[in-house]
Amino acid sequence: MTVLSLSSRPLASLRPSRPSPPLHRLLCSKPLASSSSASASFLTPPTPRSDPTSTTDSDPTPLFLRPATYPVPAAALAAFRRRASALVPPSAPHLHRHLRWLLADASSSSPSPSSSDDEPALLRAPLGDLEAMWERHVRDRRPFQYVVGNEHWRDMVVAVREGVLIPRPETEGVVDMVRGVEGFEDGWWADLGTGSGAIAVAVARELGPEGKVLAVDVSEVAVQVARLNVQRYGVQDKVEIRHGSWFEPLEDVKGKLMGVISNPPYIPTDDLPGLQPEVGWHEPKLALDGGKDGLEHLLHLCEGLSSVLKPGGFFVFETNGNKQSEFLVGLISTKWSSSFHNVEAALDFADIKRFVTGYRR
């Protein structure tokens, strides 16, 4: 795939952020298991769940990274705008904004003052492809981020595609927590379940000469997308992508990590049908399904933490919210009190206890 210079990003980088719906707002409340029942199930590493094969675009390259090689007459483009606008139901006016963004990503540049109204536009995809992409967004509820192949996250434009979780705004807080750790710049960090690599890339851009991020994911699609984002932001010397499940690819760094970061699957299995169609129908179950109580992977991460963190090492996990965070704080503070201290729940921007943090003794 083409590596894009960040100094020459096209219009996709200039739009305001497009927030994704936080997962915790798409679910009904689900009581968690008691401490005894939950702690009995985390000793065996969970088996990743495979997702059914879904229809994806023939070209997985993010739209705004494709070359603009398709001339389209101005009249044809105007007709497309009218057809696309006509598909927008009155109950979803935000889709008109999405249409503007789609055309911004698909266009090579903004019209110049000297250009005539009938001058052909250069697009990054055939007009028929854009029409099909728009119909899938409106009629099939395909997330807009998958339509254009990117999401605006922090100060970055992160490449995404089907098979990779779309990074959420609240997850941005993880990077700020890492920055708050004394001496973080020169430490080695692990981002477990890296997905698009958004967290790994954002942390890597803050590191000093000795710092490094090991970005781990069991999904081959995620590894490919994370590698693209690492290349686009020029942090190949700071991020090492490893394919595998959770701690398995980290045997060589046991007891050496300054920090472990993870935004694992944490949605209870029974809550998956209640997700909005944009999430439940299209985003990977592998990245959503946290097992019976949403704790399956979180508990496995808690079990393996002490083996990879060095003394004083930091960890931060994202959770489904208040109840999960409170449960994990209590469990870690009692079961692993000899290994960790200062374990607490941290708030996201909506004042929800979204994260669990702590330090290795």
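Everything here concerns the structure above.
Residues numbered from 1 in each chain as written. Predicted model: local features only at pLDDT ≥ 70, side-chain atom pairs only at ≥ 80, totals over all residues. Heavy atoms only, no water.

Visitor: I would appreciate a short explanation of the overall build of the protein in the present structure.
Guide: Per the secondary structure count, the protein includes eleven helices and eleven strands. Taken across its 361 residues, the protein has 55% of its residues classed as buried. Here the analysis covers contacts within the protein between residues at least 6 apart in sequence; of these, 74% occur between residues at least 24 apart. Total accessible area on the protein is roughly 15800 Å²; 51% of this is exposed by carbon and sulfur atoms. (Helix = DSSP H or I, 4+ residues; strand = E, 2+ residues; numbered from the N terminus. Buried < 20%, exposed > 50% of the residue type's maximum accessible area, 1.4 Å probe, protein only. Contact = heavy atoms within 4.5 Å. Areas by Shrake-Rupley, 256 points an atom, 1.4 Å probe, with all protein chains shown as cover.)

Visitor: Explain the nonpolar core here, please?
Guide: Within soluble globular proteins, side chains that are nonpolar generally end up buried alongside one another. Within the largest apolar cluster, 39 residues are counted, with the highest numbers of intra-cluster contacts made by Trp153, Trp189, Val203, Val213, Val239 and Ile261. Taken together, the elements giving at least two residues each to this core come down to strand S4 (156-159), helix H6 (173-179), helix H7 (198-204), strand S6 (212-217), helix H8 (220-232), strand S7 (239-243), strand S8 (257-262) and strand S9 (309-318). At seven residues, the largest contribution of residues to this core is made by H7. Leu165, Leu214, Phe247 and Leu250 belong to the second-largest nonpolar core, a separate cluster that totals 36 residues. (Core = buried A, V, L, I, M, F, W, Y, C linked by side-chain atoms within 4.5 Å.)

Visitor: Looking at this structure, I do not really get the pairing of S4. What am I missing?
Guide: A regular strand places its side chains on the two faces of the sheet in alternate fashion. Neither face of S4 is exposed, since Met156 and Val158 on one face and Val157 and Ala159 on the opposite face are all buried. Here strand S3 (residues 150-153) runs beside S4; their pairing, made up of four bridges, is antiparallel. Note on S4: the bridge partner recorded for His152 is Val157. Where S3 hands over to S4, the hairpin turn is made up of two residues, of which Arg154 adopts a positive phi near 50°. (Pairing = 2+ DSSP bridges.)

Visitor: Can you walk me through the environment of Ser337 in this structure?
Guide: Position of Ser337 among the secondary structure elements: in the loop between helix H11 (322-335) and strand S10 (340-347). In this structure, Ser337 is in contact with Ile332 and Arg361, ignoring residues within four places of it in sequence.

Visitor: So what exactly am I meant to see when it comes to the packing of aromatic side chains here?
Guide: What characterises a pair of aromatic rings is the spacing of the ring centres plus the angle enclosed by the ring planes. Inspection of the entire model under this criterion finds five aromatic pairs. Each residue in the set Trp189, Phe314 and Tyr359 is aromatic and connected to the rest through ring pairs, giving one cluster. One Lys or Arg, Lys335, reaches over the ring of Trp336 and ends 5.7 Å from the middle of that ring. (Phe/Tyr/Trp six-rings, centres within 6.5 Å; stacked < 30°, edge-to-face > 60°. Lys NZ or Arg CZ within 6 Å of the ring centre and 35° of its normal.)

Visitor: Before we go on, may I ask you to explain the sheet that holds S7 in this structure?
Guide: Through backbone hydrogen bonds, the strands of a sheet pair up, either in parallel or in antiparallel fashion. The mixed open sheet is built from seven strands, whose spatial order is S7-S6-S5-S8-S9-S11-S10. Edge strands, defined here as strands with exactly one partner in the open sheet, are S7 and S10. Direction aside, the axes of adjacent strands within the sheet are offset by 15° on average. Here S10 runs beside strand S11 (residues 353-360); their pairing, made up of six bridges, is antiparallel. (Axes fitted to C-alpha atoms, helices over the stretch in contact; angles between N-to-C directions.)

Visitor: Could you clarify how one ought to interpret the pattern of salt bridges in this entry?
Guide: Where side chains of opposite charge bring their charged atoms close, a pairing between them can arise. This model, assessed by the stated rule, comprises 17 salt bridges. For Lys212, the salt bridge goes to Glu240, with nearest N and O atoms at 2.9 Å. Of this pair, Lys212 sits in strand S6 while Glu240 sits in strand S7, and the two are 28 residues apart along the sequence. Look at Glu240 and you get partly exposed, because its relative accessible area is 28%. We note a salt bridge from Lys254 to Glu251, for which the minimum N-O separation is 3.4 Å. A single salt-bridge network, built from bridges that share partners, covers Arg154, Asp176, Arg179 and Glu206. (Salt bridge = Lys/Arg side-chain N within 4 Å of Asp/Glu carboxyl O.)

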